[in-house]
Amino acid sequence: MHDVTARGIERAAFAGREEEREALDSALERALQFKAPQLVTVVGALGIGKTRLVGKWLSNQRGTALRVVQAASPGDGVADREEYGLLAALLRARFGLTPELDADQALALFRGELQQVFGDRRVAEVAALLGGFLGFEMPESPLSRALAHKPEQGTELARAVLCRFFEQDAAATPLVIVCEDLQNADDASLDVLGSLAAELGESPIVIIATARPDILVRRPGWGHLDGNHTRLELGPLRRRDIETMIRSMLDEPHLADGLLDRVASESGGNPFLLEQLLRVYQQHGILVADVGTGWTFDADRAARESMAITPEEAAHARLGTLSAAERDVLARGATFGAVFWTGGVVALGRFAVEITDGFDGGGVFGPDPAVAEIRQILTQLAQRDYLVAMASSSLPGESEWGFKHVLDQNLVEGSVSPEVMRRRKAFAAQWLESRAVRGRDAGTQAEDRATRESRLETLGHLYEQAGDSRRAAYCFITAANRARDHLQLDRARVLYVAGIGLLGVDDAIVQMDALFSVGDAAARLGRTREAVGHFQKMLHLAWRLDLPAKGGAAHDRIGRLLGMLGDHRRALAHLEQARQLFHGAGDLPGIASALDDIGRIHFLAGSPEASLNCHRAALSVRERLKDDRGRSLALARMGQVEHETGDLAAAMGHFQQALALRRHVGDRQGVVCSLLDLGGLERDLGHLDRALEVLEEGRTLAREIGERLFECSLGIEIGDCHLAEGQPRRALEEFMAAKQIARQFGAKLLFSEAARGVAESELTLGDPQRALDEARAAFQIADKIGSPPLAGAALRVAAAAVGLGAPGEAELGGAREMFDRAVEVLSNAGAELELGRALTAYADFEERNGRRDAADELRRQADLIRDRARRPLRTRALPTESIALH
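Residues numbered from 1 in each chain as written. Predicted model: local features only at pLDDT ≥ 70, side-chain atom pairs only at ≥ 80, totals over all residues. Heavy atoms only, no water.

Secondary structure summary: the protein chain contains 41 helices and 10 strands in total. In the protein chain, the share of contacts with a sequence separation of at least 24, taken over all contacts with a separation of at least 6, comes to 67%. Put simply, the protein chain shows about 39,900 Å² of open surface, and 50% of that area lies on carbon and sulfur atoms. (Helix = DSSP H or I, 4+ residues; strand = E, 2+ residues; numbered from the N terminus. Contact = heavy atoms within 4.5 Å. Areas by Shrake-Rupley, 256 points an atom, 1.4 Å probe, with all protein chains shown as cover.)

Along the chain, the position of E774 falls in helix α37 (residues 768-785). At 2.8 Å, the side chain of E774 and the side chain of K739 are in polar contact. The residues touching E774, leaving out its near neighbours within four places in the chain, are K739, A755, V758 and A759. (Polar contact = N/O pair within 3.5 Å; in protein donor to acceptor, adjacent residues only side chain to side chain.)

Once that is clear, we can look at the pattern of salt bridges. Applying the stated rule across the entire model yields 53 salt bridges. Among the ionic pairs, R560 bridges to D597, the shortest N-O distance being 3.0 Å. Within this pair, whereas R560 is found in helix α26 (residues 548-564), its partner D597 is found in helix α28 (residues 588-604), the two being separated by 37 residues in sequence. (Salt bridge = Lys/Arg side-chain N within 4 Å of Asp/Glu carboxyl O.)

On to the confidence of the model for the protein chain, then. In the predicted model, the protein chain carries a mean pLDDT of 82, and the fraction of residues at 70 or more is 85%. Mean pLDDT across the secondary structure elements of the protein chain bottoms out at helix α1 (residues 4-7), with 44, and peaks at helix α33 (residues 688-704), with 93. Note that pLDDT drops below 50 for residues 142-151; the model gives that stretch 14 contacts with residues more than four away or on any other chain. Note on residues 437-447: pLDDT under 50 across the span, and 9 contacts to partners over four residues away in sequence or across chains. (pLDDT = per-residue confidence, 0-100.)

What follows concerns empty space enclosed by the protein. Summary: where empty space remains is shown by rolling a probe the size of a single water molecule over the atoms. Per the counting criterion, the structure on display carries 1 cavity of 30 Å³ or more. Looking at the largest cavity, its volume works out to about 70 Å³. Lining the largest cavity are A13, F14, A15, R17, I48, G49, R52, L237, M245 and P271. When the residues that make up the lining of the largest cavity are grouped by side-chain class, the tally is 7 nonpolar, 1 polar and 2 charged. (1 Å grid on protein atoms, 1.4 Å probe; cavity = no way out; pocket = protein on both sides within 12 Å on 5 of 7 lines; lining within 4 Å. Points joined across faces, edges and corners; volume = space filled by probe spheres on them. Nonpolar A, V, L, I, M, F, W, Y, C, P; charged D, E, K, R; others polar.)

Adjacent strands of a sheet form backbone hydrogen bonds with each other and so pair up, either parallel or antiparallel. Strand order in the open sheet made by the 5 strands is β2-β3-β4-β1-β5, with parallel pairing throughout. Both edges of this open sheet fall to β2 (67-72) and β5 (229-233), since each of them pairs with a single strand only. Averaged over all neighbouring strand pairs, the angle between strand axes comes to 15°, with direction disregarded. Where β2 meets strand β3 (residues 175-180), 6 bridges bridge the pair, whose relative direction is parallel. Its bridge partner lying in β3, A71 is registered against C179. (Pairing = 2+ DSSP bridges. Axes fitted to C-alpha atoms, helices over the stretch in contact; angles between N-to-C directions.)

Here the focus is helix α38 (residues 788-803). Taking 1.5 Å as the rise per residue, α38 with 16 residues should run 22 Å; its terminal C-alpha atoms sit 22 Å apart, in good agreement. Within α38, 14 of the 16 residues are buried, leaving the element largely enclosed by the surrounding structure. Phi turns positive, to about 125°, at G805, one or two residues after α38. (Expected span 1.5 Å × (residues − 1). Buried < 20%, exposed > 50% of the residue type's maximum accessible area, 1.4 Å probe, protein only.)

Looking now at the sheet that holds strand β10 (residues 400-403). Overall, antiparallel pairing links the 3 strands, which are arranged β8-β10-β9 in an open sheet. Edge strands, defined here as strands with exactly one partner in the open sheet, are β8 (339-341) and β9 (387-389). Taking each pair of neighbouring strands and ignoring which way they run, the sheet shows an average axis angle of 35°. Judged from the 3 bridges that link them, β8 and β10 form a sheet pairing that is antiparallel.

Contact pair helix α32 (residues 668-684) / α33: the axes reach a minimum separation of 8 Å and the direction vectors enclose 160°. Compared by their axis directions, α32 and α33 come out roughly antiparallel. Considering the relative orientation of α32 and α33, their crossing is left-handed. Between α32 and α33, the contacting residues are R668, V671, V672, L675, L676, L678, G679, G680, E682 and R683 on the first element and L688, R690, A691, V694, L695, E697, G698, L701, A702 and E704 on the second. Split by residue class, the contact of α32 with α33 holds 11 nonpolar, 3 polar and 6 charged. (Parallel < 35°, antiparallel > 145°, perpendicular 65-115°, else oblique. Left-handed = near helix turned anticlockwise from the far one by under 90°.)

Here the focus is a negative patch on the surface. Taken together, E19, E22, D25 and E29 make up a surface patch of like negative charges. Within the secondary structure layout, E29 lies in helix α2 (residues 18-34). Since its relative accessible area comes to 48%, E29 is described here as partly exposed. (Patch = residues over 30% accessible without salt bridge, like charges linked within 9 Å, V, L, I, M, F, W, Y side chains within 5 Å. Lys, Arg positive; Asp, Glu negative; His and termini not counted. Charge placed at Lys NZ, Arg CZ, Asp CG, Glu CD.)

Printed below as a string of structure tokens:
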């Protein structure tokens, strides 16, 4: 007989699940024999043995030539479900893209693997499509340019390429793909995974997914939809399998009386709970190892003290078997959170140590046996499934560990008194902050940047939990600034909000700057109303501190955002207040900025003369300041008004000057604006190829710098170019994409423009009813926000749609009434070019209805407008290739 006291309770051997393993065998056999891809989903409760089953089945396939790719769904809640996160995790596992690789190394490895799978066949295009799942910044290719304005087609093509990659990969070696924790997967990944087996061509592929029953709430039909998708639902272990597990854990051929009945009843046949239950029995003296007699079981006591356990109780039982030293090491690790480092555990063991007068010489930084002991304890805890040793560390030179079970982390952290834990967290933050990267070569800077940002966020949480709100706030805001600099705007926004919430009135200046930054980030993310709220809080702080310039900046940004939302009256009130505050503070740049913004609102509201006066005044101030960046803005705004009112020569001159200044000062955002302006002007001059060249350059740059609203405006202009060259389907794709961006940002003006473009495209494609619906929506928005040029353009398209067969409007009347109203609105707004388009469309309508004299007169008026717009340009002999774009 073994000495069971020394041996203790072992890990359980795998038991049972014969039918499920046979089902997996059958799926593999079908895949190999018929080259028919299979999807098997293993569904079961927490601890029921899903991962054990898959692991055991894979271990039984060791004699079969298989490539196994295994990954788990990232995150454990809705907020963590990043789009295509599961697919990205699978591809990272397949390509061996580990966290310690920098961006260049990861991309090189990715390309190399693709080269092996596909050979020389269009690897660049395959890389561009698959790289999107992994977040790689890929060079532009003809394919990416073609799909840039077709996101839906790009997504479908990427899915198709994913299928072809797996097919090619399996052609060399049969492929088993394991996806764990499917209940945590994002919907986009589930959509792809659910259809993957059906979309894959003939290839030996088995996809195995594990999931808790939650997946059936999100996807009730999962696994029951077609023949190549099998759903295995794991129930409790059978009695004989429970007995096998108990024997393996106790290493005894015979079980004590009553033990099997009690364990089967209280564990419910759940393998995980079964293991924990035996350890609880041992901890409470119900199951005892006696030397020479095996294990004894006190059935009466077990009946009196019911041991049926929850996962929380199981965690208590697991921790109850730890020694004091092991528990202390875990508690020190839990100070950092779910992930910690060996050095941090060592340091936390020293921070409360009193250093005496004699503690010097070899005592400080001399050999410390505690370090080796801690390393040994951590290794043993990993072997016993308390911890996981991370494959790579986010801190150079440090071993990184993670808790295997979140409940363990929570319990050991909760076992430490709050005050001790608070002090430990403060010290842990200091230790982590001291781990700044030093002496690293330039080749690892990208990796170091990501590491520093992550460390700052961790520091923020540690300082916050330690009660040091100010330090925590500064860490969050610094991390947010870095994230914003790298265009990670959503991450920056979250970090700013966390930092701002921890700042008090003694940090009002920092708080104001952070509010300005988070407002800017929110606006660029399309959270327009949220951005207004951030700037309003900034305004309140500026008033409390009597800082008129800061107040003016807040008023100015609120005014701009309200203008974008179409609330022109309130926008002008805020912008005028901003101008007055800047004037009182003697802030000349602020005055010029406010004047330009006021001019922009006047322009959108159909008052071009008032707009030009404001921009001229702003230009005068900026010339006094020798502010080239500001001068370029004023010149561009003047050009926009002149373009709309038909003075194309003046507009061309101002647009040229603005672009030259912006290139000179390196204003990339301004360059995008100028390319947008010039592209629209070239289109109205009839130079469509030139216009598209300019606009596409602008869109490429807008995407590089993350300016989605400019991308929207450029898409509308590109759509109008396609309409002008007789390609309404391409135009429709551009307008629909722009409309989606405008909807996301709440940009009503842009939405109205995009809807008008959709209406014109549908009209050209022969669907006057759909054209009328879109034009009506465009008009209602433009009319509500007070933008006569846009309202007139929408009326023009609505009138044309009615003239081609769509039913008239009770409110707007028939085609002739709508044309008359469009002409009146555009004439009053001074929108000469749009007026010319309306007159031409009106003439076409009258000619179709046999009123040739009226049509001729309308065309004559349209020709006069066109001649007025172009004559000055010809007189001045400005070349069409008037400005270098590179």
